[in-house]
Amino acid sequence: MLSIFLTATGADQAVGMGLVGFSLLLFTYYTIWVIILPFVDSDHVAHQYFLQREYSVILPGIAALILLLSVGEFWNAALDGF
């Protein structure tokens, strides 16, 4: 049995750290927006940095739809050769 171990290059590690940082930033923003902000007074200055509350449901729904369509398209393309 032949096993090959590949290590990540510096560019791969930089891209990975960038993706992790972006995901952490997005998660923090969404958590503050959905969980903490409803308990803050509506006239507080923090509300100007966030979208309206309706978008907290609409945007993840659109992202989920795009993800499902992408997975379905990949599945279709992968099975097209069989």
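Labelled according to an unreviewed UniProt entry, the chain appears under the name Dolichol phosphate-mannose biosynthesis regulatory protein, originating from Oncorhynchus kisutch. Note on the chain: under the UniProt heading Subunit (unreviewed entry), the record states "Component of the dolichol-phosphate mannose (DPM) synthase complex composed of DPM1, DPM2 and DPM3; in the complex interacts directly with DPM3. Component of the glycosylphosphatidylinositol-N-acetylglucosaminyltransferase (GPI-GnT) complex composed at least by PIGA, PIGC, PIGH, PIGP, PIGQ, PIGY and DPM2. Interacts with PIGA, PIGC and PIGQ." UniProt's Sequence similarities (unreviewed entry) comment on the chain is quoted here verbatim: "Belongs to the DPM2 family."

Peer 1: Looking at this structure, how should I read the overall build of the chain?
Peer 2: Secondary structure summary: the chain contains two helices and zero strands in total. For the chain, whose C-alpha radius of gyration is 20 Å, the value lies well above the compact-globule estimate of 12 Å for 82 residues. With the C-alpha coordinates aligned to their principal axes, the bounding extent of the chain is approximately 65 × 35 × 20 Å. A total of 82 residues make up the chain; the buried ones form 5% of that total. Here the chain has roughly 7,500 Å² of accessible surface; of this, 73% comes from carbon and sulfur atoms.

Peer 1: Help me out: how do you make sense of the UniProt feature "transmembrane region" (unreviewed entry) in the chain in this one?
Peer 2: Using the residue numbers shown here, the UniProt feature "transmembrane region" (unreviewed entry) corresponds to residues 15-36 and 57-78. End C-alpha to end C-alpha, residues 15-36 measures 30 Å, and it is 100% helix and 0% strand. The span residues 57-78 carries 100% helix and 0% strand; its end-to-end C-alpha distance comes to 32 Å.

Peer 1: Looking at this structure, I do not really get the side chain of Ser56. What am I missing?
Peer 2: One can find Ser56 in helix α2 (residues 55-79). A relative accessible area of 10% means that Ser56 is categorised as buried. Looking at Ser56, its side chain comes within polar contact range of the main-chain oxygen of Arg53, at 2.6 Å. If we ignore the near neighbours within four places in the chain, the residues touching Ser56 are Tyr30, Trp33 and Val34.

Peer 1: Help me understand the environment of Thr31, please; the structure alone is not making it clear to me.
Peer 2: Following the sequence through the fold, Thr31 ends up in helix α1 (residues 10-36). Between the C-alpha atoms of Thr31 and Gly16, which are 15 residues apart in sequence, the distance is 22 Å.

Peer 1: How should I be thinking about the packing of aromatic side chains in this particular structure?
Peer 2: The description of an aromatic ring pair rests on the distance of the ring centres and on the angle between the ring planes. Tallying each qualifying case throughout the model produces three aromatic pairs. For the pair Tyr29 and Trp33, a centre-to-centre distance of 6.0 Å together with 45° between the ring planes defines the contact as tilted. Separated by four residues within a single helix, Tyr29 and Trp33 lie in helix α1, roughly one turn from each other. Look at Tyr29 and you get partly exposed, because its relative accessible area is 30%.

The rules behind each value
Residues numbered from 1 in each chain as written. Predicted model: local features only at pLDDT ≥ 70, side-chain atom pairs only at ≥ 80, totals over all residues. Heavy atoms only, no water. UniProt positions renumbered as here; feature names shortened; annotations may be inferred. Helix = DSSP H or I, 4+ residues; strand = E, 2+ residues; numbered from the N terminus. Rg over C-alpha atoms; globule rule 2.2 N^0.38 Å. Buried < 20%, exposed > 50% of the residue type's maximum accessible area, 1.4 Å probe, protein only. Areas by Shrake-Rupley, 256 points an atom, 1.4 Å probe, with all protein chains shown as cover. Polar contact = N/O pair within 3.5 Å; in protein donor to acceptor, adjacent residues only side chain to side chain. Contact = heavy atoms within 4.5 Å. Phe/Tyr/Trp six-rings, centres within 6.5 Å; stacked < 30°, edge-to-face > 60°.

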